[in-house]
Amino acid sequence: MAIQPVPQARPADPPSAVDGPWRDTSLTPEARVADLAARMTLEEKAAQLYGIWVGADAEGDGVAPHQNDMVDPVDFDAITTRGLGQLTRPFGTAPVDPGVGAVSLARAQARIVEAGRFGIPAIAHEECLAGFTAWGATAYPVPLAWGAAWDPELVAEMAHRIGHDMRSVGIHQGLAPVLDVVRDLRWGRVEETIGEDPYLVGTIATAYVKGLESAGVIATLKHFAGYSASAGARNLAPVRAGAREMADVILPPFEMAVREGGVRSVMHSYAEIDGVPVAADPALLTGLLRDTWGFTGTVVADYFGIGFLETLHKVAAGRGDAARLALTAGVDVELPTVRSYGDELVAAVREGAVSEELVDRALHRVLLQKCELGLLDGDRPLPSVLADTDPDQARGTVDLDPPRNRALARLLAERSCVLLSNPEGALPLTGTGRIAVVGPRADDPLAMLGCYSFPSHVGVQHPGTPMGITVPTVLESLREEFPGADIDHAQGCDVDGTDAEGIGAAAELAAAADVCVAVLGDRAGLFGRGTSGEGCDVADLALPGLQGELLDALLATGTPVVLVLLTGRTYALGSRADRLAGCVQAFFPGEEGGPALAGVLSGRVNPSGRLPVGVPNGTGGQPWTYLQPPLGRTSGVSNLDPTPLYPFGHGLSYTSFAWEGDGDVPSELGTDEETDLAVTVRNTGDRDGAEVVQLYAHDPVAQTTRPEARLIGYARVPLAAGESRRVSFRFHPDLVSFTGAAGHRIVEPGDLELRFATSSDVADAKHTVRLRLTGRERTVDHLRRMVCVPSVDAPLART
């Protein structure tokens, strides 16, 4: 289709003077931005709406623009005469010493300031999904492990540490967290998500946002919206989710992070939903996000997403047309580098094809954000590390992996390990005798890291470069944990290879041992270079490569086999689960994952992780999550049973807990009233531990079909042996609202069951509160209560 001209009035020439009231820090940001924008030429306005992709030079001599098949080469010195909106990944593109990288970034910013008329630095952004994606920075557990920890406060602390490290070297914006709700476990990016439940995703992601923002770094929600619901679990495939699935499952985490987290940036998703690409959808990016939810920050493009409107979605006739569609929808910043928002946009505006008002709208948002960051103030001090800007002297001066970071990474890794099964009490191990440690993940540091950790994301492209951080393997950690044991190792097979030659030797090693620890799982990678990660989607949920055959050979020896899984998703275990002596699931637990797992296996750590996604029984039956209406669950009308082997929320401990309902709850409650719900949990074992109290809502009859159960609250409750604690939740009916038959969100009168449980399975309910909502049907909106705040009392006397 041809680009249609847009009628518009030509603005007057901008004032020629560069300095003015916009430099006055006593004025409001709005006044400063309005004055500055009026002084800019069209070219200077457009320049604030894109980034360029730079990499820190190893000698500290500046930047080297990166080429991509989506972009033309960029002349850094020429393009920055107009100013510049963003610098893309100055640390996360190639291995560079952090001190040298900080100097390089500062020099790049100095060149930008000197080149442009207004002397405004760029916003520098980086990935920070599992830690600051920079060489030598702490590699924390991946988001799926955050979900497994069920600990928002700890995630917020981690995010604050990440933000502090980023800000210390000159980074302003982080591209995290991911709020996509898992809809199909075969999707490669499951490891980047927090789980399959929107409430868990929303609360954990909001905690991350608050932590990152508290360090002065702009958090960026990804990927708004629908990306994880791609057809066939294929990366960047069409999304055919209905309006209710979008409203009740996909969108609430983003809404929570905007309303409760105060996030300042949102990244549009690559998805096309029912034929409309999100990057060209004003109903989502403007109508819902801004007009309804009240978001006031910037919307940034997922990398090359604006160009994809032309090249992949085929809804734009050229680069200028793609700019028109994206700007109209509400995309303020083109990332990672300029393609559509530069000269092509300027030409389209001059030709009347794109309204300059759209450019001004995006410019206003970008400049307001720069004002918040202090980038309009002039004479901004460099990070303290840059007092001496000589690269050689800066080398080795910045430690992005200090002991306190590693201690935090260890704690989160420990809390995220999930004990799936321990039928005969084989765990914890005694740590004596002969232990066979078998499997392709047992002695590989990369087994701990997700695809957005620097060593996996970038380091693998530089095989001669040291990893930059110390990552103990499971084998190394077990040898340190059990110094009195005789520990031998065999790989058995590759992660995803077809060579079975080593399986026999591995089985012989296991047969001669007292216990076998089988360490299996994924290799994180990008676009088919791994078994998990972006673009690493799978056809089914069988263990990768020959790992299933290896496990069968180990089980056939008769030696007790403890399975340890290091993965980015869960895999089908139904055919082998009843033969395992024990099973521990870890989701890419980061640089301290090896010691954490060793601690779980030895009993030094009492596992408290709970599944953020279910473990499937069979390799097929996807897509399926626990949020199924009755028709989506097992029944006699089909021979296929999608019931998971281990449900969402499942996880065991080395101690035992008893639950008891607490407090009087009314039998009836108005649709706009609230009440307290409580249970008392007691540690009845002889070990200290932590229970995760989960609160689910079951709606027996509703005007549209509802899930059998839906998480509406949770609390992680640490308890010493013999201790009791009362856990209460302030329940408001807004928490059980849903999209009704008329298409808007309602609270419907009628019966409810509120289940305190150890998982989403009804069989794991420990205490059920039945009440009836009375009064009128209420229509609710974005101002509804979204969080069921828990309160955990101080421990009661030990019994």
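As the structure is a prediction and not an experimental result, all values here were calculated from the model.

### Remarks on the overall build of the protein chain
Check the secondary structure of the protein chain and you find 21 helices and 27 strands. Scaling as 2.2 N^0.38, a compact globule of 799 residues should have a C-alpha radius of gyration of about 28 Å, and the protein chain matches this with 27 Å. When burial is assessed residue by residue, the protein chain has 63% of its 799 residues classed as buried. Considering only contacts within the protein chain whose residues lie at least 6 apart along the sequence, 79% involve residues at least 24 apart. Side-chain charges in the protein chain split into 66 positive and 104 negative, and the spacing between the mean points of these groups amounts to 3 Å.

### As for the packing of helix α7 (residues 198-214) against helix α9 (residues 252-259)
The axes of two packed helices give the description: the angle between them and the distance between them. α9 packs onto α7 with a crossing angle of 30° between their chain directions and a minimal axis gap of 8 Å. On the basis of their axis angle, the class for α7 and α9 is roughly parallel. By crossing handedness, the relation of α7 to α9 is classed as right-handed. Residues Pro198, Tyr199, Val201, Gly202, Thr203, Thr206 and Val209 of α7 form the contact with α9, whose participating residues are Pro253, Met256 and Ala257.

### Some details on the side chain of Thr559
By the element assignment, Thr559 lies in the loop between α20 (547-555) and β14 (561-567). In terms of polar contacts, Thr559 uses its side chain to reach the backbone carbonyl oxygen of Ala510, at 2.8 Å.

### Remarks on the packing of helix α16 (residues 403-416) against helix α21 (residues 593-602)
Two elements in contact, α16 and α21, have axes separated by 8 Å at closest approach and are oriented at 45°. Taken as axis vectors, α16 and α21 run oblique relative to one another. The crossing of α16 and α21 is right-handed. Contacts from Arg410, Ala413 and Glu414 of α16 reach α21 at Gly593, Pro595 and Ala596.

### Digging into the pairing of strand β24 (residues 750-757)
Most of β24 is tucked away, with seven of its eight residues classed as buried. Two elements, strand β19 (residues 689-698) and β24, share five bridges in a ladder whose sense is antiparallel. Opposite Gln694, over in β24, you have Ala757 as the bridge partner. Note: β24 against strand β25 (residues 765-774), eight bridges, orientation antiparallel. Directly across from Asp751, in β25, lies its bridge partner Arg772.

### What about the sheet that holds β14?
If you trace the six strands from one edge of the open sheet to the other, you get β10-β15-β14-β13-β11-β12, paired in mixed fashion. A strand with exactly one partner marks an edge of an open sheet, and here the two such strands are β10 (418-421) and β12 (486-490). When the angles between neighbouring strand axes are averaged without regard to direction, this sheet yields 20°. As defined by bridge partners, strand β13 (residues 515-521) adjoins β14 across six bridges and the pair is classed as parallel. Note that in β14 the partner of Gly521 across the bridge is Leu566.

### Side note on the pairing of β19
The element β19 is largely enclosed, with a buried count of 10 among its 10 residues. Covered by surrounding structure in β19 are Gly689, Glu691, Val693, Leu695 and Ala697 together with Ala690, Val692, Gln694, Tyr696 and His698, the residues of both alternating faces.

### Considering the packing of aromatic side chains
Applying the stated criterion across every chain, the model contains 15 aromatic pairs. Relative to Phe132, the ring of Phe91 has its centre 5.6 Å away and its plane inclined at 65°; by these criteria the two rings are edge-to-face. Here Phe132 lies in the loop between β3 (123-127) and α5 (143-149) and Phe91 lies in the loop between β2 (86-88) and α4 (98-115), a separation of 41 residues in the sequence. In this structure Phe91 comes out as buried when scored by relative accessible area, which is 1%. On the basis of relative accessibility, which here comes to 4%, the residue Phe132 falls in the buried class. The interplanar angle of 50° and the centroid separation of 5.5 Å between the aromatic rings of Trp150 and Phe648 together place this pair among those described as tilted.

### Digging into the side chain of Asn405
Counting through the fold element by element, Asn405 comes out in helix α16. Of note is the side chain of Asn405, whose polar atom sits 3.0 Å from the side chain of Thr138. A polar atom in the side chain of Asn405 sits 2.9 Å from the side chain of Arg161. The residues touching Asn405, leaving out its near neighbours within four places in the chain, are Thr138, Tyr140, Arg161, Asp165 and Leu400.

### Observations concerning the state of the cysteines
For the structure on display, the rule yields zero disulfides. Take Cys451: it sits in no disulfide, and the sulfur closest to it among the cysteines is that of Cys536, at 7.2 Å. On the basis of relative accessible area, Cys451 is assigned to the buried category, the value being 0%. For the unlinked cysteine Cys583, the closest cysteine sulfur is that of Cys417, found at 12 Å. For Cys583, a relative accessible area of 1% gives the class buried.

### A look at the pattern of salt bridges
Summed over the entire model, instances satisfying the criterion amount to 49 salt bridges. Among the salt bridges present, the one from Arg434 reaches Asp486, with a minimum N-O distance of 3.8 Å. With a gap of 52 residues between them, Arg434 in strand β11 (residues 434-438) and Asp486 in strand β12 connect regions that are remote in the sequence. Residue Asp486 is classed as partly exposed on the basis of its relative accessible area of 37%. Residues Arg726 and Asp662 are paired through a salt bridge, measuring 2.9 Å at the closest nitrogen-oxygen approach. Note that Arg726 is positioned in strand β21 (residues 724-731) and Asp662 in strand β16 (residues 657-662), a separation of 64 residues in sequence. Within the structure, one salt-bridge network assembled from shared partners comprises Asp401, Arg406, Arg410, Glu591 and Glu592.

### Here we look at the nonpolar core
For soluble globular proteins, nonpolar side chains are generally found buried alongside one another. Within the largest apolar cluster, 216 residues are counted, with the highest numbers of intra-cluster contacts made by Leu87, Phe132, Tyr208, Phe224 and Tyr341. For Tyr341, the contacting residues outside a window of four places in its chain are Ala46, Leu49, Tyr50, Ile306, Ala323, Ala326, Leu327, Val331, Asp332, Val333 and Glu334.

### Focus on the environment of Thr567
Within the secondary structure, Thr567 sits in strand β14. Among the residues examined, Thr567 registers a relative accessible area of 1% and is labelled buried. Considering only alpha carbons, one finds Thr567 and Ala586, 19 residues apart in sequence, at a separation of 6.6 Å. Those residues in contact with Thr567 that sit more than four places away from it in its chain are Gly521, Asp522, Gln585, Ala586, Phe587 and Phe588.

### Looking at α16
In this model α16 runs 20 Å from its N-terminal to its C-terminal C-alpha over 14 residues, within 8% of the 20 Å that 1.5 Å per residue would give. Taken together, the buried positions of α16 are Asn405, Arg406, Leu408, Ala409, Leu412, Ala413, Glu414 and Ser416. Buried-residue contacts for α16 involve α5, α6 (152-168), β10, β15 (582-587) and α21.

### Quick notes on the environment of Arg434
Take Arg434: its relative accessible area is 33%, and that puts it in the partly exposed class. Separated by 46 residues in sequence, Arg434 and Glu480 place their C-alpha atoms 15 Å apart.

### Overview of the sheet that holds strand β26 (residues 778-779)
Within the open sheet, the three strands sit side by side as β22-β23-β26. Their pairing is antiparallel. Looking at which strands have only one partner, the edges of the open sheet turn out to be β22 (738-739) and β26. The pairing of strand β23 (residues 745-747) with β26 spans two bridges and is classified as antiparallel. When the sheet's bridge partners are listed, Val747 is paired in β26 with Arg778.

So, how was this worked out
- Residues numbered from 1 in each chain as written.
- Predicted model: local features only at pLDDT ≥ 70, side-chain atom pairs only at ≥ 80, totals over all residues.
- Heavy atoms only, no water.
- Helix = DSSP H or I, 4+ residues; strand = E, 2+ residues; numbered from the N terminus.
- Rg over C-alpha atoms; globule rule 2.2 N^0.38 Å.
- Buried < 20%, exposed > 50% of the residue type's maximum accessible area, 1.4 Å probe, protein only.
- Contact = heavy atoms within 4.5 Å.
- Lys, Arg positive; Asp, Glu negative; His and termini not counted.
- Charge placed at Lys NZ, Arg CZ, Asp CG, Glu CD.
- Axes fitted to C-alpha atoms, helices over the stretch in contact; angles between N-to-C directions.
- Parallel < 35°, antiparallel > 145°, perpendicular 65-115°, else oblique.
- Left-handed = near helix turned anticlockwise from the far one by under 90°.
- Polar contact = N/O pair within 3.5 Å; in protein donor to acceptor, adjacent residues only side chain to side chain.
- Pairing = 2+ DSSP bridges.
- Phe/Tyr/Trp six-rings, centres within 6.5 Å; stacked < 30°, edge-to-face > 60°.
- Disulfide = S-S within 2.5 Å.
- Salt bridge = Lys/Arg side-chain N within 4 Å of Asp/Glu carboxyl O.
- Core = buried A, V, L, I, M, F, W, Y, C linked by side-chain atoms within 4.5 Å.
- Expected span 1.5 Å × (residues − 1).

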